[in-house]
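Descriptive analysis of the structure
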Amino acid sequence: MKVPLDTTTALKNAVKSGNKAWNRVRSRSYLAAVRKVPLTGLGWLVFLGGVVSLPAYLLWDWAEAAAIMFGALGALGLAILQTWGGADLSLQVKVEQDRLRKGQELIGRVIAKNDGRRSLRALTIELPLGDEEVDIPLPTLRAGKSFTRSFQLQTKRREKILVGPARTVRQDVLGLIRRVRTWEQHHEVYVYPNFTSALGTLSGYTRDMEGVASSVITSSDAVFHALRPYESGDDRRHIHWKMTAHTGELMLRQYLETRRSHHLIVLDLNPKDYQQDDFELAVEAAASLAVSSLSNGQPLTLYAGKSVIRAATSGAALDFLTEVQMQENEQEFSQMVRWALAHEAQSSVCSLICGPGISMRRLQQICLLPSVDMATTGIRADDGAALSRRGASSRRLLNIGELSQLPRALNGVMSL
């Protein structure tokens with residue numbers, strides 16, 4: 001049987017009207033107040049049972065209804081007495097270290113103190129530790145007494161762990177009322193990726209106090225290059241007077257542009273180029289290069305997708321890399337490298353890090369994008385693969401299968 005169009009439309013309008021009415025009822029302030037009542041599901045069942053039993057007792061004089069009503073009231077009254085108080089409690093959460101390396105143990109302690117004049121009944125402290133949660137039973141505390149309990153968490157992966165905010169939970173023995181108080185204090189603990197700082201100098205050029213001399217000729221700098229005839233508009237302060245007297249023609253000094261040894265790291269975040277283990281190895285390689293550069297006083301700029309950090313300390317770089325994740329719809333690595341080079345043209349060292357989804361031949365082509373004055377290293381992170389390396393000191397390609405291979409790969413290059 002075909003339903004008329006007018007009937008279908010009327011039913012749809014009725015459903016929409018009903019949904020709007022229900023949403024208006026849910027948004028009423030009195031329902032919001034009801035949701036704040038600390039009754040559990042069982043508590044509401046007992047409460048409603050007692051309320052329904054009252055008219056049954058009054059109308060039909062059922063003794064059973066009276067027993068249910070008084071039993072419900074008695075249970076709720078007892079639950080209120082058991083969960084009352086706790087306003088004089090002070091709670092602190094402390095961690096020993098907020099910067100860890102993957103595999104280290106997060107250690108902290110919870111300190112609770114009764115600042116009131118009366119004893120504080122036992123309760124439970126719920127402490128979130130990232131994706132996990134620790135329940136700490138707090139015994140009865142006398143006035144002025146404190147309680148300290150340690151907690152541990154074995155870190156297994158690179159992540160930022162939010163410790164807290166803690167919650168104190170007071171619940172009666174029947175489970176009718178559950179009072180929860182959330183504390184504001186929390187800590188952010190960074191679990192760093194594994195890294196090695198024993199990589200030596202990464203510049204590839206002779207360094208001095210003036211910087212790194214490039215092949216770019218300029219009219220004013222610190223490294224003398226050659227002499228040329230004076231041209232109109234040149235700065236007369238750079239005229240070489242002895243050679244001018246010898247040749248009878250104004251001669252001007254030329255210099256090589258000196259660049260500060262600046263390290264540029266570009267990390268590919270495209271999930272098409274990685275498995276998860278490959279990506280973790282790539283992050284560890286980036287962390288190792290960053291720590292080595294900053295330990296040697298070498299300025300660093302790190303590009304990871306659309307995020308950029310100009311780190312002055314190893315901690316800042318490691319904090320940044322702790323939160324780096326693969327990103328969907330990420331641009332191709334070659335485009336990302338071009339974008340980074342357009343903003344960091346003065347860098348003297350460049351490290352390009354990608355996954356096994358990019359072939360060595362393709363990585364070799366990408367490594368040709370930086371200028372010839374920039375010492376470039378392409379690192380391909382392929383977890384479990386054998387070490388391979390090729391190229392010269394200014395252009396080298398590395399394929400590593402574990403982090404321990406990185407120092408050996410950077411210390412020498414062999415042709416394949």
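Scroll up a little and you will see the structure.
Residues numbered from 1 in each chain as written. Predicted model: local features only at pLDDT ≥ 70, side-chain atom pairs only at ≥ 80, totals over all residues. Heavy atoms only, no water.

1. Section: the packing of helix 3 (residues 41–60) against helix 4 (residues 63–83)
Stated precisely, the cut-off is as follows: Lines fitted to C-alpha atoms define the axes here, with helix axes fitted over just the stretch in contact, and angles between the N-to-C directions of these axes take values from 0 to 180 degrees. Secondary structure elements follow DSSP: runs of H or I of four or more residues count as helices, runs of E of two or more count as strands, with numbering from the N terminus. By convention, the crossing between two helices is left-handed when the near helix turns anticlockwise from the far helix through less than a right angle, and right-handed when the turn is clockwise. Contact definition: two residues touch when any of their heavy atoms are within 4.5 Å. When residues are grouped by polarity, Ala, Val, Leu, Ile, Met, Phe, Trp, Tyr, Cys and Pro land in nonpolar, Asp, Glu, Lys and Arg in charged, and all others, Gly among them, in polar.
The geometry of helix 3 relative to helix 4 is characterised by a closest axis approach of 8 Å and an angle of 145 degrees between their N-to-C directions. As helix 3 runs across helix 4, the sense of the crossing is left-handed. Contacts between helix 3 and helix 4 involve G43, V46, F47, G49, G50, S53, L54, A56 and Y57 from the former and A65, A66, I68, M69, A72 and L76 from the latter. Taken together, the residues of the contact of helix 3 with helix 4 sort by class into 11 nonpolar, 4 polar and no charged.

2. Points about the sheet that holds strand 6 (residues 146–154)
Inclusion rule: Note on pairing: two strands pair once DSSP finds at least 2 bridges between them.
Ordered by their spatial adjacency, 3 strands build an open sheet running 1-3-6, and the pairing between neighbours is antiparallel. At either margin of the open sheet sits one strand with a lone partner, and together these are strand 1 (89–95) and strand 6. Between one strand and the next, the sheet's axes are offset by a mean angle of 15 degrees, whatever the strand orientation.

3. Details of the sheet that holds strand 18 (residues 375–381)
Sheet architecture is open: 7 strands sit in the order 16-15-14-17-18-20-19, paired in mixed fashion. Taken across any chain shown, the strands that pair with only one partner, and hence form the sheet edges, are strand 16 (307–311) and strand 19 (388–391). The mean inter-strand angle of the sheet, taken between neighbouring strand axes irrespective of direction, is 15 degrees. Contacting strand 14 (263–267), strand 15 (300–304) and strand 16, helix 7 (residues 314–322) crosses the sheet at an angle of about 160 degrees to strand 16. Its contacts with the sheet place helix 8 (residues 333–343) against strand 14, strand 15, strand 16 and strand 17 (349–354), and it is angled at close to 155 degrees to strand 14.

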